[in-house]
Amino acid sequence: MFQAGLLANKKILITGGGTGLGAAMGRRFAELGAELVICGRRGAVLEETAGKWRAELGAKVATIVCDVRDASAVESMMDAIWRDGPLDVLVNNAAGNFIAQSHKLSPRALDSVLGIVLHGSGYCTFACGRRWIEAGRKATVLSILTLSALQGGAFRTPSAMAKAGVLAMTRSLAVEWGPKGIRCVAVAPGPFPTPGASQRLTPAGGRQRPIGAEIPLGRVGEHIELANLCSYLVSDQAAYINGDCIIIDGGKHLLGDGGSSTDMLLGWSDAEWDQMRRQAAGRT
Ligand code: HXC
Ligand code: NAP
């Protein structure tokens, strides 16, 4: 189904492409012939991932250290990328998320998640869109959302707010930029375990339940399954898909729970929340 060279001649920026699902997508895009740029805050992490793709796949990969919360850093990154040739695809994948009681969040905690997901995706998308429109180029924006963008996400409220905003951006720009040949699409994955997500979203203590139990297909997603969907969506084979958000979750959203273990979190005591917060403080 995925022919070699499907993504040849496509230059793709993946924000947060050094780890987790961003790296899984990048590897698959590279296998299918794409040229890649990955960005994130940690240069060593980006270089380690890029080095593997260069050595194992012979891929052309550039890395750029960029905090997407910083609009001027995003502009500098796009200038640097464009000096070497324009992008064809932007993947808004960088994210921040953690579980917490919303009424106890500090303004900085709210801002940090909104900054990465909502502002970061906006800065990257508008910076690319301006360049594409000025040059009359066709292009694609793919944003990685969560089920909480569609259903809300108790105890993950900042992320749900931000991802819902990115969905609104996707739908708005699909109409505004569609006539200019720029497609805007999104995916909403269910659980695809990664170290980044598990560290921040797995409840502390022994109270978690097996994650596959809340999914009709009885298992979590495999990274290659998401990577293949995203490869299709950014390829020319998906040229008529615009403004949609594709759910890939084994049917989980139909159970009506916006996030794993929400019913259990509703029963947590303040002491359990304090323990979770101390665990997060120890990590950061
Ligand atoms: C309450 C918290 C907190 C927590 C941080 N904060 N963690 N508040 N509960 N667990 C507060 C801090 O106290 C601080 O506020 C403010 O948030 C900023 O924290 P910093 O550590 O200074 O910020 P920073 O180093 O910029 O880190 C940003 C981050 C961090 C979002 C807090 O978690 C991060 O870097 N995340 C990136 C990777 C990530 O989150 N990956 C998971 C994506 S998974 P004060 O007021 O104290 O200064 C995903 C999956 C969804 O989205 C669905 C899965 C099923
Ligand atoms: P992850 O490995 O923690 O990925 C997050 C990435 O974003 C990291 O590479 C991180 O790199 C980067 N990042 C964070 N803040 C940044 C900033 N300010 N500027 C630039 N880059 C930043 O987690 P993941 O599980 O792969 O998540 C990837 C995407 O999938 C996210 O959009 C997430 O919401 C979505 N998602 C994941 C799941 C899941 O089950 N894993 C489910 C649904 C949706 P640095 O720390 O080096 O900056």
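Provided above is the structure to which this section pertains.
What counts and how
Per chain, residue numbering runs from 1 following the sequence as it is written. In the order they appear in the text, chains get letters beginning with A and ligands get numbers beginning with 1. The model is predicted, so local features are restricted to residues of pLDDT at least 70 and side-chain atom pairs to those at 80 or more, both for listing and for counting; the totals for chains, interfaces and linings are taken over all residues. Processing note: side-chain calculations cover all non-hydrogen atoms of the structure and skip hydrogens and water entirely. Near, as used in this document, describes a residue that has one of its heavy atoms within 4 Å of the molecule or strand being considered. By the criterion applied in these results, polar contacts are pairs of N or O atoms within 3.5 Å in which, for protein atoms, one can donate a hydrogen and the other can accept it, and in which residues neighboring in sequence qualify only through two side-chain atoms. Exposure was quantified through the Shrake-Rupley algorithm and a 1.4 Å probe, taking into account, for residues, occlusion by the shown protein chains and nothing else. Only DSSP runs of H or I covering at least 4 residues are called helices, and only runs of E covering at least 2 are called strands; the numbering of each starts at the N terminus. Amino acid classes used here: Ala, Val, Leu, Ile, Met, Phe, Trp, Tyr, Cys and Pro are nonpolar; Asp, Glu, Lys and Arg are charged; the rest, including Gly, are polar. Nonpolar core, defined: a set of buried Ala, Val, Leu, Ile, Met, Phe, Trp, Tyr and Cys residues in which side-chain atoms within 4.5 Å join the residues together. Working definition: with a 1.4 Å probe on protein chains only, accessible area under 20% of the residue-type maximum means buried, over 50% means exposed, and in between means partly exposed. In this analysis, two residues are considered to be in contact whenever any of their non-hydrogen atoms come within 4.5 Å of each other. Only four residue types enter the tally: Lys and Arg on the positive side, Asp and Glu on the negative side, with His and both chain ends excluded. When a carboxyl oxygen of Asp or Glu is within 4 Å of a side-chain nitrogen of Lys or Arg, the pair counts as a salt bridge. Paired strands are those between which DSSP finds at least two bridges. Fitted lines through C-alpha atoms serve as axes, helices being fitted only where they are in contact, and the angles separating the N-to-C directions of these axes extend from 0 to 180 degrees. A cavity here means a set of 1 Å grid points, computed over protein atoms only, where a 1.4 Å probe fits but cannot escape. A pocket is an open set with protein on both sides within 12 Å along at least 5 of 7 lines, and lining residues have an atom within 4 Å of a point. Grid points are joined across faces, edges and corners, and a volume is the space filled by probe spheres set on the points.

**Student:** Residues and numbers for the site of ligand 2, please.
**Tutor:** Neighbouring residues of ligand 2: 26 residues in total, closest Thr-19, Arg-41, Arg-42, Asn-93 and Thr-194. At 2.8 Å from a nitrogen atom of ligand 2 is found a side-chain nitrogen or oxygen belonging to Asp-67. At 3.5 Å, a backbone N or O of Ala-95 approaches an oxygen atom of ligand 2. A total of 870 Å² of accessible area belongs to ligand 2 in isolation, and the protein chains cover 90% of it. Those elements that provide at least two residues to the shell around ligand 2 are helix 1 (20-31) and helix 7 (195-201). Classifying every residue of the shell around ligand 2 by side-chain character gives 12 nonpolar, 9 polar and 5 charged.

**Student:** Report on the nonpolar core, specifying residues and quantitative values.
**Tutor:** Membership of the largest hydrophobic core comes to 39 residues, with the highest contact counts inside it found for Leu-13, Met-77, Met-78, Ile-81, Leu-87 and Trp-132. Those elements that place two or more of their residues in this core are strand 2 (35-40), helix 3 (71-83), helix 4 (107-135), strand 5 (139-144), helix 6 (157-177) and strand 6 (182-189). A total of 8 residues in this core trace back to one element, the largest contributor, which is helix 4. If sequence neighbours within four positions are ignored, Leu-13 has contacts with Val-37, Ile-38, Cys-39, Met-77, Met-78, Ile-81, Leu-87, Val-89, Leu-90 and Val-91. Among the nonpolar cores identified, the runner-up in size contains 30 residues, and Leu-7, Ala-34, Trp-53 and Val-61 belong to it.

**Student:** Tell me about the side chain of Lys-163, residues and numbers included.
**Tutor:** Mapped onto the elements of the fold, Lys-163 is located in helix 6. For the buried Lys-163, which has no salt bridge, the nearest side chain bearing the opposite charge is Asp-67, at an N-O separation of 14 Å. Here Lys-163 is in contact with Ala-95, Val-117, Ile-144, Leu-145, Thr-146 and Ala-149, once residues within four sequence places are set aside.

**Student:** I'd like a rundown of the site of ligand 1, residues and numbers included.
**Tutor:** Inspection of the region around ligand 1 gives 19 residues, with Arg-41, Ser-106, Arg-108, Arg-200 and Arg-277 positioned closest. A distance of 3.0 Å separates an oxygen atom of ligand 1 from a polar atom in the side chain of Arg-69. Side-chain polar atom of Arg-277 to an oxygen atom of ligand 1: 2.6 Å apart, as the coordinates give it. Relative to its free-state accessible area of 1,100 Å², ligand 1 is covered by the protein chains to the extent of 74%. Those elements that place two or more of their residues in the shell around ligand 1 are helix 4, helix 7 and helix 10 (270-283). It is helix 7 that contributes the most residues to the shell around ligand 1, 4 residues altogether. Considered class by class, the residues forming the shell around ligand 1 number 7 nonpolar, 7 polar and 5 charged.

**Student:** Describe the sheet that holds strand 5, listing the residues and the values that go with them.
**Tutor:** Strand order across the open sheet formed by 7 strands is 3-2-1-4-5-6-7, with parallel pairing between neighbours. Two strands lie at the open edges of the sheet, namely strand 3 (61-65) and strand 7 (245-248), each paired on one side alone. Between one strand axis and the next, the sheet turns through 20 degrees on average, direction left out of account. One ladder, built from 5 bridges, connects strand 1 (residues 11-15) with strand 2; its direction is parallel. Note that in strand 2 the partner of Ile-14 across the bridge is Ile-38.

**Student:** A description of empty space enclosed by the protein should follow, citing residues and the corresponding values.
**Tutor:** Tallied over the full model, the rule gives 1 cavity of 30 Å³ or more. Size it by volume and the largest cavity reaches roughly 30 Å³. Taken together, Asn-92, Ala-94, Val-117, Ser-121, Ser-143, Ile-144, Leu-145, Lys-163 and Val-166 make up the lining of the largest cavity. Counting residues per element, the ones that place at least two in the lining of the largest cavity are helix 4, strand 5 and helix 6. For the lining of the largest cavity, the class distribution of residues is 5 nonpolar, 3 polar and 1 charged.

The values are spatial; any link to function lies outside them.
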